[in-house]
Amino acid sequence: MPRDHYEVLGVTNKGATKAEIMKAYKKKALQWHPDKNPDRPEYAEKMFKEINQAAECLKDEQKRAHYDRFGHDEPRAGGG
């Protein structure tokens, strides 16, 4: 199961502003950029992709609201 997007970015407050989300994203992206981790490029690339995916979701208000409501799970048609 994928990790929580807030956890990936190191954001502890789910009410964080877009600016706080982007600040956390930039910090993590710099930390895990593959060029900055030549000793473990595969792991750095995996982390970098995960960080980008989390930021893409949380910086968009509609995607973030959907994620906050459903997490990684998509709502099922028919309700059950």
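Residues numbered from 1 in each chain as written. Predicted model: local features only at pLDDT ≥ 70, side-chain atom pairs only at ≥ 80, totals over all residues. Heavy atoms only, no water.

## Some points on the overall build of the chain
Stage number 1. Looking only at helices and strands, the chain features four helices and zero strands.
Stage number 2. Projected onto the principal axes, the alpha-carbon positions of the chain cover approximately 50 × 25 × 15 Å.
Stage number 3. Excluding contacts between residues fewer than 6 apart, the proportion of contacts in the chain whose partners are at least 24 apart in sequence is 49%.
Stage number 4. On the chain, roughly 5,900 Å² of surface is accessible, and the fraction owed to carbon and sulfur atoms is 50%.
Stage number 5. Placing the 16 positive and 14 negative side-chain charges of the chain at their respective mean positions leaves the two points 3 Å apart. (Helix = DSSP H or I, 4+ residues; strand = E, 2+ residues; numbered from the N terminus. Contact = heavy atoms within 4.5 Å. Areas by Shrake-Rupley, 256 points an atom, 1.4 Å probe, with all protein chains shown as cover. Lys, Arg positive; Asp, Glu negative; His and termini not counted. Charge placed at Lys NZ, Arg CZ, Asp CG, Glu CD.)

## Some thoughts on the pattern of salt bridges
Stage number 1. Applying the stated criterion to the full structure yields five salt bridges.
Stage number 2. Of the charged contacts, one joins R3 and E50 as a salt bridge, the two residues approaching to 3.6 Å between their closest N and O atoms. Within this pair, whereas R3 is found in the segment before α1 (5–9), its partner E50 is found in helix α3 (residues 41–59), the two being separated by 47 residues in sequence.
Stage number 3. We classify E50 as buried; its relative accessible area is 17%. (Salt bridge = Lys/Arg side-chain N within 4 Å of Asp/Glu carboxyl O. Buried < 20%, exposed > 50% of the residue type's maximum accessible area, 1.4 Å probe, protein only.)

## What about the side chain of N37?
Stage number 1. Summarising the element assignment, N37 is placed in the loop between α2 (18–32) and α3.
Stage number 2. By relative accessible area, N37 is classed as buried at 8%.
Stage number 3. Engagement of the side chain of N37 in a polar contact is seen with the backbone oxygen of Q31, the distance being 3.0 Å.
Stage number 4. Excluding residues that lie within four positions of it along the chain, N37 makes contacts with Q31, W32 and A44. (Polar contact = N/O pair within 3.5 Å; in protein donor to acceptor, adjacent residues only side chain to side chain.)

## Some details on the side chain of R64
Stage number 1. With respect to the helices and strands, the residue R64 is situated in helix α4 (residues 61–70).
Stage number 2. D68 provides the closest opposite charge to the buried, salt-bridge-free R64, at an N-O distance of 4.1 Å.
Stage number 3. Discounting residues that sit within four places of it in the chain, R64 has contacts with Y6, K14, G15, A16, T17, I21, C57 and L58.

## Some points on α2
Every α-helix winds through 3.6 residues per turn, so residues three or four apart in the chain are directed the same way.
Stage number 1. An ideal rise of 1.5 Å per residue puts 21 Å on 15 residues; α2 measures up with 21 Å between its terminal C-alpha atoms.
Stage number 2. At its buried positions, α2 is contacted by α1, α3 and α4. (Expected span 1.5 Å × (residues − 1).)

## Concerning the packing of aromatic side chains
Stage number 1. Within this structure, the stated rule accounts for two aromatic pairs.
Stage number 2. For the ring pair Y6 and Y67, a centre distance of 6.2 Å and an interplane angle of 45 degrees mean the geometry is tilted. Of this pair, Y6 sits in helix α1 while Y67 is found in helix α4, placing the two residues 61 residues apart along the sequence. Y67 carries the same exposure label as Y6, and that label is buried.
Stage number 3. For the pair W32 and Y43, a centre-to-centre distance of 5.3 Å together with 80 degrees between the ring planes defines the contact as edge-to-face. Separated by 11 residues along the polypeptide, W32 in helix α2 and Y43 in helix α3 bring together distant segments of the chain.
Stage number 4. The exposure class assigned to Y43 is partly exposed, which follows from its relative accessible area of 37%. (Phe/Tyr/Trp six-rings, centres within 6.5 Å; stacked < 30°, edge-to-face > 60°.)

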